[in-house]
Every structure is written in C-alpha cells, then in structure tokens.
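# Coordinate analysis (summary)
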Amino acid sequence: MAISPSLESITEPTPLDAAAGASHGATLEADSITAWFGSNRVLDRVSLTMPSRTVTALIGPSGCGKSTFLRILNRMHEQVPAAKLAGEVRLNGDDIYSPGHRITDTRRRIGMVFQKPNPFPTMSIAENVTAGLKLTGTRISRGDRDDLVERSLRRAGIWDEVKDRLDALGGALSGGQQQRLCIARSLAVDPDVLLMDEPCSALDPTSTRRVEQTIEELRDDVTIVIVTHNMQQAFRVSQQCAFFLAEQGTPGVIIESGRTEDIFGSPTDPRTEDYVNGRFG
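The sections below set out a description of the structure shown in this document. Residue positions are given per chain, counting from 1 as you read along its sequence in written order. Confidence filtering applies because this is a predicted model: local features only for residues at pLDDT of at least 70, side-chain atom pairs given and counted only at 80 or more, and all residues used for totals across whole chains, interfaces and linings. The side-chain numbers reported here are obtained from all heavy atoms of the structure, hydrogens and water having been left aside.

## Side note on the nonpolar core
- With 43 residues, the main nonpolar core has I59, L153, I183, L194, M196 and I215 as its most contacted residues.
- Beyond its immediate chain neighbours, meaning those up to four positions away, L194 contacts G111, M112, V113, I183, S186, L218, V222, T223, I224 and V225.
- If you look at the next biggest cluster of nonpolar residues, it comprises 30 residues, including A35, M76, Y97 and V193. We define a nonpolar core as any set of buried Ala, Val, Leu, Ile, Met, Phe, Trp, Tyr and Cys residues linked to one another through side-chain atoms lying within 4.5 Å. Relative accessibility decides the category of a residue: with a 1.4 Å probe and only protein chains considered, values under 20% of the type maximum give buried, values over 50% give exposed, and everything between is partly exposed. Here a residue-residue contact requires only that any non-hydrogen atoms of the pair lie within 4.5 Å.

Structure representation (structure tokens):
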C-alpha cells in the first residue's frame, strides 16, 4: 500500500495522568516497508517485529537504510521532500499510517532520541523535560508538573545529578547529561516505544556506559529500537538484532534478524558473520 505524505501536525490537547507511570511497552511491526527519496529506492520490502520488553538493535554498514527505517517508524520519513514509502507500520496492531491517524499521537507514543543531543539550550532542565508535552499537545495540571519532571529524570538516570539545579540551562550540561535529558524529555509523555539513532556516538566511554545503563533500566517499560555501529554496544544492550545491508547500489534489506546471541554467535548468513566480526563495514 503506497503511503502519501501527511502534513498533519495540529491536534486537540490530550490529558496526561502524571501518576500513570510506565506504559510497559508495546509491539511494533514493520511489514514490507519499501522507501524512496525521489526515484532512489533506499529500502526494499523490509519486515521486522520489535517486541515489547525487548531492545532491538539495527546494525549494518553506513548507507544501508537503518536510520531511514528508524525514522519511518515514527513518521519522520514523510517530512523529507520527495520521500515516499509503501508498506505498514503497526503499533499493537494499529497502522500508524492509516488515514485519520494523527501524527501527533504517533510522536507521543513513539519517541525519538537523536545521535547528537538536542536539548533546548535556552530552556531550563525542568522546562526541557516538559517541552515534549507542548509539542504533543498534552495537558497536565500545575500540581503534577514537578512530579512528572522528577519521575522522567529518574527514569532517564539523571535525577541525582541535576535535582539541585533544575532551573539551570539544559544546554550547560555535559554531553552525556544532555543526552539523558533528551531521553527524559521523550519519557515525559509516557511513550510506548523509544527510537534511538546512534545515541552514544558523540559521547565519551563513561557517558556511554550511563546511557546504556538507562537503556537496560527502561527495557521493561518501553520498547526500544536502537541504531548503532558499535558491535560491542549492540551485543551489550540488545536482545534482538537485525542486520541491514545494501550491496552494489541495491536498496537496503534485512539479511538476517534474530536473538542477539544467535546473530553474534551462530549467524546463518556468512555476510552477517563477516560484519559482526569486523571483516567489512
């Protein structure tokens, strides 16, 4: 099914129960996804199930469509001029690209953390956390706002580091702290899924370890999909891997997917074995 771009970005505010807590994840399914930029086909019939309570790592060389696939999962692909796609993305069985499905609802339920930390530099730490509520049109009472800020920062593993300076600017934090602040901002709207596009590539080893700890702590509450070029990281943080490859100018496909221990220990395709052992890519 061809999916035409939608520019819908405005919706009525929806209430958020600040005491609701974690969403306990969801199952995200991509079914026969093919994607283009203009006439250039970048993905070909990619299908993958990303179960709840699971970290799924997308691995593969640069240029094989991993980040494009990740952006398709929360409807960012359609914002690119001349971009189009075919197939379905289902969250707990509901196609997020179906007519009438609001893009703001998709963005609330499927959050995104980018490669480079992007807190709002002129906003305080607390304001950064609650900024996601405004972007998704979500209401919350003033009395619940402080509790939401604390809970989100705790879930992102940064509360103890910033609790005494919530009015300080988010842009003044270290790189690793900024990334965890961005995670807290995504968590504030209580998403079902968190997409992470190389979230540690710009971080030092200590900050990387803290972000990885945060991923592990979130896994039971939020379904996580992470793009990473770091094979050690993929092995450490994920329970499932999907190996993407685009050979000789062909569009990206999934060569193999399955349990992380199988992809790294006993892959069925020799190209997967070569990649995870560093023979190319």
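Still to come is the rest of the account.
## Looking at helix α6 (residues 175-187)
- An ideal rise of 1.5 Å per residue puts 18 Å on 13 residues; α6 measures up with 18 Å between its terminal C-alpha atoms.
- When we look at burial in α6, the residues that qualify are G176, Q177, Q178, Q179, R180, L181, C182, I183, A184, R185, S186 and L187.
- Close packing links the buried residues of α6 with β8 (110-113), α3 (125-135), α4 (142-155), α5 (159-162), β10 (193-197) and α7 (205-218). The helix and strand labels rest on DSSP assignments: H or I over at least four residues marks a helix, E over at least two residues marks a strand, and numbering proceeds from the N terminus. A helix is expected to span 1.5 Å for every residue after the first.

## Notes on the environment of V237
- Tracing the sequence through the fold places V237 in helix α8 (residues 231-237).
- Its relative accessible area of 5% is what places V237 among the buried residues.
- Taking the C-alpha atoms as reference points, V237 and V149, separated by 88 residues in sequence, lie 26 Å from one another.
- For V237, the contacting residues outside a window of four places in its chain are V55, E212, I215 and I226.

## Quick look at the pairing of strand β5 (residues 55-59)
- Of all five residues that make up β5, five are buried, and the element is covered over most of its length.
- Here β5 shows two buried faces, one formed by V55, A57 and I59 and the other by T56 and L58.
- Judged from the four bridges that link them, β5 and strand β11 (residues 223-227) form a sheet pairing that is parallel. Paired with T56 across the bridge in β11 is V225.
- When β5 meets strand β12 (residues 240-245), the two strands line up parallel, connected through four bridges. Across the sheet, A57 pairs through a bridge with C241, a residue of β12. Any two strands with at least two DSSP bridges between them are considered paired.

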